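# Results of the structural survey
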Protein chains: 2
Amino acid sequence: MRIGQLARLVDVDTQTIRFYEQQGLLPPPDRQENGYRVYTDKHAERLAFIRRCRILNLSLAEIHKLQSYQDDPHQPCSAVNALLDDHIYHVRSQITALQSLEKQLVSLRGSCNDGREVEACGILAGISERSTKAP
Amino acid sequence: MRIGQLARLVDVDTQTIRFYEQQGLLPPPDRQENGYRVYTDKHAERLAFIRRCRILNLSLAEIHKLQSYQDDPHQPCSAVNALLDDHIYHVRSQITALQSLEKQLVSLRGSCNDGREVEACGILAGISERSTKAP
DNA sequence: GTTGACCTTATAGTAACTATATGGTTTTTA
DNA sequence: TAAAAACCATATAGTTACTATAAGGTCAAC
Ligand SMILES: [Zn+2]
Ligand SMILES: [Zn+2]
Ligand SMILES: [Zn+2]
Ligand SMILES: [Zn+2]
């Protein structure tokens, strides 16, 4: 199949497919005489795997590692499990950081209401406030 | 004060200060005869404002808008309030997206334990599973 | 007079695409 | 059959908010 068909099948942009090839995530396919790429079902599977990883927010580097594990199927899978643990840790860190951010923002938002002039805006005042308090 | 002093004062890299100037967030300071930038306390305040906005995860574009509001202090501040509402909305969206992601990842992690071979890794199997189920 | 700290500009790299420009090929349609 | 539409190719630049590097000018101290 050609790149457009593959793109529709897996629901990825053709540019992205070429990009993955360039990044070494998708093996370079054979070419027709005119230079067009020709993909196999293996390629489609691999591409779908990449996409599912991306939906899980795994980075291309992490996906690359997973692929290298897959290429050596008799290793213990502890590295895969550890990679996922790390990734979960990162996601959780992001969540807690964003939650603390949300608190700050909501509190800031509470310091103003409509009908004021910019000069008296509680939000701008809140941001401008120095956190260093002189004695 | 020169750029290095300002950088230490506000705890920002000198490169970042020049970058903000280039992006139009920090007004171009006067120069000494030798070309060195000379900053005033106004600059320091403005830079600190930018940094506090960045800590709140506001984008440079959002900061730019806030600055433009500040430059016209007799407008109603509703635009400021709306900007913050939007930002809070974005942060909340990110949080819920990450929480749903975390759930998926934790469930995936539960499908494997150590001591398996890559071939039998529940995580890789879970990612490889096609979501389309034939009847 | 040279070391070191400081300053200058310009350029490239980061992540993961996305968009654009330019041109060749194939298929459809008038 | 010829033109239009759809498809393919490569190369390059843009996105965000910096960070790093290169190559060089300026200034104080030793
Ligand atoms: Zn990760
Ligand atoms: Zn307000
Ligand atoms: Zn925002
Ligand atoms: Zn496993």
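So, how was this worked out
Residues numbered from 1 in each chain as written. Chains lettered and ligands numbered in written order. Predicted model: local features only at pLDDT ≥ 70, side-chain atom pairs only at ≥ 80, totals over all residues. Heavy atoms only, no water. Buried < 20%, exposed > 50% of the residue type's maximum accessible area, 1.4 Å probe, protein only. Helix = DSSP H or I, 4+ residues; strand = E, 2+ residues; numbered from the N terminus. Arc of directions from axis to C-beta. Contact = heavy atoms within 4.5 Å. Polar contact = N/O pair within 3.5 Å; in protein donor to acceptor, adjacent residues only side chain to side chain. Near = heavy atom within 4 Å. Nonpolar A, V, L, I, M, F, W, Y, C, P; charged D, E, K, R; others polar.

Moving on, we come to helix 2 (residues 14–22) of chain A. Note on helix geometry: an α-helix contains 3.6 residues per turn, so any two residues three or four positions apart are oriented the same way. Residue and element names in this part refer to chain A. Listed in full, the buried residues belonging to helix 2 are I17, Y20 and E21. Looking down the long axis of helix 2, one finds its buried residues gathered within 105° of arc, a one-sided arrangement. Opposite its buried face, helix 2 presents the exposed residues Q15 and Q22, each directed more than 90 degrees away. For helix 2, the secondary structure elements touched by its buried residues are helix 1 (3–10), strand 1 (30–31), strand 2 (37–38), helix 3 (41–55) and helix 4 (60–70). For helix 2, the capping residue at the N-terminal end is D13, with a side-chain oxygen 2.8 Å from the backbone nitrogen of Q15. Looking one or two places after helix 2, you find G24, whose phi comes out positive at around 80°.

Moving on: the protein's contact with DNA strand C. Around DNA strand C, the surrounding shell holds 18 residues, and the nearest of these are Q15, Y20 and R54 of chain A together with G4 and R18 of chain B. Counted by atom, the contact set of DNA strand C within 4 Å of the protein is 72% sugar and phosphate. Contact distances for DNA strand C include 2.8 Å between a base nitrogen and a side-chain N or O atom of Q15 of chain A. Within the side chain of Y20 of chain A, one N or O atom sits 2.8 Å away from a phosphate oxygen of DNA strand C. Listing elements by their share of the surface near DNA strand C, those giving two or more residues are helix 2 and helix 3 of chain A together with helix 1 (3–10) of chain B. When residues of the surface near DNA strand C are assigned to their parent elements, the largest contribution, four residues, is made by helix 2 of chain A. In the surface near DNA strand C, the residues fall into six nonpolar, six polar and six charged.

Quick look at the environment of I123 of chain B now. Mapped onto the elements of the fold, I123 of chain B is located in helix 6 (residues 122–128). Remark: the alpha-carbon pair of I123 of chain B and R18 of chain B, spanning 105 residues in sequence, is separated by 46 Å. In this structure I123 of chain B touches V80, N81 and L84 of chain A together with L108, R109, S111 and C112 of chain B, once residues within four positions along its chain are discounted.

What surrounds DNA strand D is a group of 18 residues, the closest being R18 and R37 of chain A together with Q15, Y36 and R54 of chain B. The sugar-phosphate backbone supplies 72% of the atoms of DNA strand D found within 4 Å of the protein. Side-chain polar atom of R18 of chain A to a phosphate oxygen of DNA strand D: 2.8 Å apart, as the coordinates give it. R51 of chain B places a side-chain nitrogen or oxygen 3.0 Å from a phosphate oxygen of DNA strand D. Secondary-structure elements contributing two or more residues to the surface near DNA strand D are helix 1 of chain A together with helix 2 (14–22) and helix 3 (41–55) of chain B. Residue contributions to the surface near DNA strand D peak at four residues, all from helix 2 of chain B. Classifying every residue of the surface near DNA strand D by side-chain character gives six nonpolar, six polar and six charged.

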